[in-house]
Amino acid sequence: MKIIIISTYIPQKCGIATYSNDLYKSLIKTTTNHTINIIAVTENGSYKYPSEVVATINKESKENYIYQANFINNNYDICILQHEFGIFGGL
């Protein structure tokens, strides 16, 4: 099974980024035979993300959301979406 988490992510400084990292670490420890990855939502893309981050979404780019949605639909079985006001752009 392939699982993707969409969220802000470390090293970005926010509570959801920290929570998503903790969720990722918990899933890795408690699941077997599963692939777990992250798509990090970012404003400027200037972060150096850890290897579990397979892609980023520019929060203000509608085209980027569509591109990543197609990527997810073609490659993952489960999508976990973390939401908090302000994470996703005002498209």
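Presented here is an overview of the structure given in this document.

What counts and how
Residues numbered from 1 in each chain as written. Predicted model: local features only at pLDDT ≥ 70, side-chain atom pairs only at ≥ 80, totals over all residues. Heavy atoms only, no water. Helix = DSSP H or I, 4+ residues; strand = E, 2+ residues; numbered from the N terminus. Rg over C-alpha atoms; globule rule 2.2 N^0.38 Å. Buried < 20%, exposed > 50% of the residue type's maximum accessible area, 1.4 Å probe, protein only. Contact = heavy atoms within 4.5 Å. Areas by Shrake-Rupley, 256 points an atom, 1.4 Å probe, with all protein chains shown as cover. Salt bridge = Lys/Arg side-chain N within 4 Å of Asp/Glu carboxyl O. Pairing = 2+ DSSP bridges. Axes fitted to C-alpha atoms, helices over the stretch in contact; angles between N-to-C directions. Right-handed = clockwise from strand over helix to strand, strands pointing away.

## Brief notes about the overall build of the protein chain
- The secondary structure content of the protein chain amounts to two helices and four strands.
- In the protein chain, the order of α-helices and β-strands from amino to carboxyl end is β-α-β-β-α-β.
- Expected size for 91 residues packed as a compact globule is a radius of gyration near 12 Å; at 13 Å, the protein chain falls within 12% of this value.
- Principal-axis analysis of the C-alpha atoms places the extent of the protein chain at approximately 35 × 30 × 20 Å.
- Out of the 91 residues in the protein chain, the part that is buried amounts to 40%.
- For the protein chain, contacts bridging at least 24 residues in sequence account for 59% of all contacts bridging at least 6.
- Within the structure as shown, the protein chain displays about 5600 Å² of accessible surface, and the carbon and sulfur contribution to it stands at 51%.

## Topic: the pattern of salt bridges
- Applying the stated criterion across every chain, the model contains one salt bridge.
- Residue Lys 25 pairs with Asp 22 through a salt bridge whose shortest N-O separation is 3.9 Å. Of this pair, Lys 25 and Asp 22 are both found in helix α1 (residues 15-30), three residues apart, which corresponds to roughly one turn of the helix.
- The partly exposed category is assigned to Lys 25, whose relative accessible area is 41%.
- Looking at Asp 22, the relative accessible area reads 38%, which means it is partly exposed.

## Focus: the sheet that holds strand β2 (residues 35-42)
- Read from one edge to the other, the open sheet built from four strands follows the order β3-β2-β1-β4, with strand pairing classed as parallel. Either end of the sheet is taken by a strand with one partner, and the two such strands are β3 (53-58) and β4 (78-81). With strand direction ignored, the average angle separating the axes of adjacent strands in the sheet is 20°.
- Along the sheet face, α1 touches β1 (2-7), β2 and β4 and points at about 165° away from the line of β1.
- Against the sheet, helix α2 (residues 62-75) makes contact with β1, β2, β3 and β4, and its axis sits at roughly 150° relative to β3, the strand it touches most.

## Observations concerning the pairing of β1
- Most of β1 is tucked away: five of the six residues are buried.
- Pairing of β1 with β2 involves six bridges; the strand directions are parallel. Note that in β2 the partner of Ile 4 across the bridge is Asn 37.
- Viewed along the sheet, the connection from β1 through α1 into β2 turns out right-handed.
- Bridge count for β1 against β4 is four bridges, and the pairing is parallel. Considered in β4, the bridge of Ile 4 is made with Cys 79.

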